[in-house]
Amino acid sequence: MENNKMATSLWRRTTQSLLTLTLLLGLTGCGMNNIPTLDEQVKASWGQVENQYQRRADLIPNLVATVKGYASHEQETLKAVTDARARVGSVQVSDPAQLKAFEAAQNQLSSALARLMVVVERYPELKADQQFLTLQAQLEGTENRISVARRDYIEAVRQFNTEIRTFPGVIWSKLLYSDLEAKPSFSAKPGADEAPKVSFQ
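Fair warning: this is a prediction, and the values are worked out from it, not measured in the lab.

**Looking at the overall build of the protein**
Looking only at helices and strands, the protein has seven helices and zero strands in total. For the protein, the sequential pattern of α-helices and β-strands runs α-α-α-α-α-α-α. Considering only contacts within the protein whose residues lie at least 6 apart along the sequence, 76% involve residues at least 24 apart. Accessible surface computed for the protein: about 13,100 Å², of which carbon and sulfur atoms make up 56%.

So, in structure tokens, the structure goes:
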């Protein structure tokens, strides 16, 4: 009788262990780890966006110095570029409101750089300078990299936000990852939906 109780108890424990192991193995395949994986992808994508913006910011002092040599009297434009670059460096992003401030600072820098390129058009000898041409090509390449990095970030945010709002991710989000909220994405700046006006006068 005692042996039967021990055998039954051993059988129960073995069965419970096997069921627990089966349940754990089943849970690992049902999306429980998707949310932290996607959260890390969003962070990595954002890091790449910041990396490309930093690359642009690092190129600007060289560009400004090169233009200064040819267009020393264009101080207002050069100061606008330098000030915009400084504002960009002072914004840290950790919530949606800060993302908007970061985007606004980046847009101001883009606008200042565009004005600088208009100034450069007045100096044919500058446009032919090899150092300037190299810097301009690097800036153009950086703008393309920024665009790609932002696109990748937007996609990572879409995947994360979809996962925490759809089944079964919504369950895991509420049970295990309630501290992870929907991520903010980039949005077009006001007026981006309107075609630019081109004038040759």
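**What to know about the nonpolar core**
The biggest cluster of nonpolar side chains holds 43 residues, and the ones touching the most others in it are Val67 and Leu113. Only helix H2 (34–70), helix H3 (75–90), helix H4 (96–120) and helix H6 (130–163) provide two or more residues apiece to this core. The element that contributes the greatest number of residues to this core is H2, accounting for eleven residues.

**Observations regarding the pattern of salt bridges**
According to the stated counting rule, one finds eight salt bridges in the structure shown. Where Asp39 meets Lys43, a salt bridge forms, and the shortest distance between an N and an O atom there is 3.4 Å. Of this pair, Asp39 and Lys43 both sit in helix H2, four residues apart, which is roughly one turn of that helix. For Lys43, a relative accessible area of 47% translates into the label partly exposed. With a closest N to O distance of 3.4 Å, Glu40 and Lys43 form a salt bridge. Note that Glu40 and Lys43 are positioned in helix H2 at a spacing of three residues, about one turn of the helix. Looking at Glu40, the relative accessible area reads 46%, which means it is partly exposed. One network of salt bridges, in which partners are shared, links Asp39, Glu40, Lys43 and Lys183.

**What about the environment of Ser178?**
Of note, Ser178 is situated in the segment after helix H7 (169–175). As for Ser178 and Ile164, which are separated by 14 residues in sequence, their C-alpha atoms are 9.6 Å apart.

**So, a nonpolar patch on the surface**
Nonpolar side chains collect at one region of the surface, where Phe167, Ile171, Leu175 and Leu176 lie side by side and expose about 450 Å² of accessible area between them. Relative to the elements of secondary structure, Phe167 occurs in the loop between H6 and H7. Given the relative accessible area of 68%, Phe167 is considered exposed.

**Things to note about the environment of Ala105**
For Ala105, the location among the structural elements is in helix H4. On the accessibility criterion, Ala105 (5% relative accessible area) is buried. Taking the C-alpha atoms as reference, Ala105 lies 5.2 Å from Val88; in sequence the two are 17 residues apart. Excluding residues that lie within four positions of it along the chain, Ala105 makes contacts with Arg87, Val88 and Val91.

**So, unusual backbone geometry**
Of note, the bond from Phe167 into Pro168 is cis; its omega dihedral lies within 30 degrees of zero at 0 degrees. Topologically, Pro168 is positioned in the loop between H6 and H7.

**Details of the side chain of Asp39**
Looking at Asp39, the relative accessible area reads 4%, which means it is buried. Residue contacts for Asp39: discarding those within four places in its chain leaves Phe160, Leu180 and Lys183.

**What about the packing of H2 against H6?**
Viewed as axis vectors pointing N to C, H2 and H6 meet at an angle of 160 degrees, and their least axial separation amounts to 8 Å. What the angle tells us is that H2 and H6 run roughly antiparallel. Helix-helix and strand crossings are classified by hand; for H2 and H6 the assignment is left-handed. Tallied by class, the residues present in the contact of H2 with H6 amount to 18 nonpolar, eleven polar and eight charged.

Basis of the calculations
- Residues numbered from 1 in each chain as written.
- Predicted model: local features only at pLDDT ≥ 70, side-chain atom pairs only at ≥ 80, totals over all residues.
- Heavy atoms only, no water.
- Helix = DSSP H or I, 4+ residues; strand = E, 2+ residues; numbered from the N terminus.
- Contact = heavy atoms within 4.5 Å.
- Areas by Shrake-Rupley, 256 points an atom, 1.4 Å probe, with all protein chains shown as cover.
- Core = buried A, V, L, I, M, F, W, Y, C linked by side-chain atoms within 4.5 Å.
- Buried < 20%, exposed > 50% of the residue type's maximum accessible area, 1.4 Å probe, protein only.
- Salt bridge = Lys/Arg side-chain N within 4 Å of Asp/Glu carboxyl O.
- Patch = residues over 30% accessible without salt bridge, like charges linked within 9 Å, V, L, I, M, F, W, Y side chains within 5 Å.
- Axes fitted to C-alpha atoms, helices over the stretch in contact; angles between N-to-C directions.
- Parallel < 35°, antiparallel > 145°, perpendicular 65-115°, else oblique.
- Left-handed = near helix turned anticlockwise from the far one by under 90°.
- Nonpolar A, V, L, I, M, F, W, Y, C, P; charged D, E, K, R; others polar.

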